[in-house]
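This is what each chain is made of:
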Amino acid sequence: MKAIQIPYYGGADVLKVVDLDRPVPKDKEVLIQVKAASLNPVDAKIRNGFLKDMITLPLPLVPGWEASGIVTESRLEGVDPGDEVVTRVPFERGGAYAEYMIAGQGQVVPKPRELSFVEAATLPIVAGTAYTLLYMTTPVKAGDRVFLLGASGAIGLYAIQMAKALGATVIGAATADNAGLLRSYGIDQVVDYTDPGFLDAVRDIDLALDFAGGPNQDALAAIVKKDGHIFSTVHPGVHATFISTTGDPEVIKTVLDMAARGEIKARIGKVLPLAQAEEAHRLMDARTAGGKIVLVP
């Protein structure tokens, strides 16, 4: 089968197309014919070796941790050949940048028929993270004020939709170029973070979410209420608690069902053939795709 490998750490040019034996599922595993594999910023961090002290992964590595496809072999109860599924595998497993991949128990959920393979593949990590933050970690209620740093990113766009559905007032920081995009997703107010005083008019925030990182994270403490909360998906800080998606299959099923009902919508930036993984990573590094990037074998 065709697959993409990271033979050693480096830039996008380290990604190589290789021929590998098709993997064989063990007990409580399934073999999935991949129809779409979604990219995430963490893919580039792993490729560059930035996380090698946190996540131990043997090289060469077939990257990719969320995908959709069709089950071709199953040794997992309740999952049958022919089932259309979505998977979010642990970092230790990977393997989504390939024509076939293995997923284990608790890593496979049914794909709603209302969603395409491409749409479904983009949801587990980013939509799952937004759901975890807004519905589970610090449940948002009607009337809350939610602030998003990096609102125009993949997680931010889902966070806008979910927070608005919960009745919150949502304020987001982004560039002026992205203001129209954010308003199309229902945001209440946009502040331009290229303005040095962009936080001056923002106060009384119940929940601040940092999806961008950088020096602005510490400044969030000044805008949050005394009993408010600050969370970051980028890195912990003096005032921010770090949080990442867990791959909980119930959370993934929930966000897939929300998308199937039209309650949240995916933003697809670029769909490329698997063999163009290097180009896909270059687009992701440049942040010019305008949405999630998806590889199709």
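Whatever comes next refers back to the structure up there.
Visitor: Before we go on, may I ask you to explain the packing of aromatic side chains in this structure?
Guide: Using the criterion set out here, one finds two aromatic pairs in the structure. Ring geometry for Tyr131 versus Tyr135: centroids 4.3 Å apart, planes at 10 degrees, classification stacked. Of the two residues, Tyr131 and Tyr135 both sit in helix α3 (residues 126-137), four residues apart, roughly one turn of that helix. Its relative accessible area of 26% is what places Tyr135 among the partly exposed residues.

Visitor: Any chance you could explain the environment of Asn178 here in plain terms?
Guide: In this structure, Asn178 sits in the loop between β9 (169-174) and α5 (179-184). Using a relative accessible area of 25% as the deciding quantity, one classes Asn178 as partly exposed. Separated by 65 residues in the primary sequence, Asn178 and Ile243 place their C-alpha atoms 25 Å from one another.

Visitor: Looking at this structure, I do not really get the side chain of Gln5. What am I missing?
Guide: Within the element layout of this structure, Gln5 appears in strand β1 (residues 2-5). Those residues in contact with Gln5 that sit more than four places away from it in its chain are Val14, Leu15, Lys16, Val18, Leu20, Pro60, Leu61, Val62 and Pro63.

Visitor: Just to check I follow, could you spell out the sheet that holds strand β12 (residues 224-232) for this structure?
Guide: Strands belonging to one sheet form pairs held by backbone hydrogen bonds; the direction of such a pair is parallel or antiparallel. Here we have six strands laid out as an open sheet, ordered β10-β9-β8-β11-β12-β13, and parallel in their pairing. With one partner strand each, in any of the chains shown, β10 (189-192) and β13 (241-242) form the two edges of the open sheet. Direction of pairing for β9 relative to β10: parallel, over a ladder of four bridges. Across the sheet, Ile171 pairs through a bridge with Gln189, a residue of β10.

Definitions and cut-offs
- Throughout this description, residue numbers start from 1 for each chain and increase along the sequence as written.
- Residue-level local features of this predicted model are given only where pLDDT is at least 70; pairs of side-chain atoms are given and counted only at 80 or more, and the full residue set underlies all totals for whole chains, interfaces and linings.
- The side-chain numbers reported here are obtained from all heavy atoms of the structure, hydrogens and water having been left aside.
- Aromatic pairing here means that ring centres of Phe, Tyr or Trp (its six-membered ring) are within 6.5 Å. Orientation follows from the plane angle: under 30 degrees is stacked, over 60 is edge-to-face, and everything else is tilted.
- Each helix corresponds to a stretch of at least 4 residues labelled H or I by DSSP, and each strand to a stretch of at least 2 residues labelled E; elements are numbered beginning at the N terminus.
- Any residue under 20% of the maximum accessible area for its type is buried, any over 50% is exposed, and the rest in between are partly exposed; the area is computed with a 1.4 Å probe on protein chains only.
- Every residue pair with non-hydrogen atoms within 4.5 Å of one another is taken to be in contact.
- Here the rule is simple: two strands pair whenever DSSP picks up at least two bridges between them.

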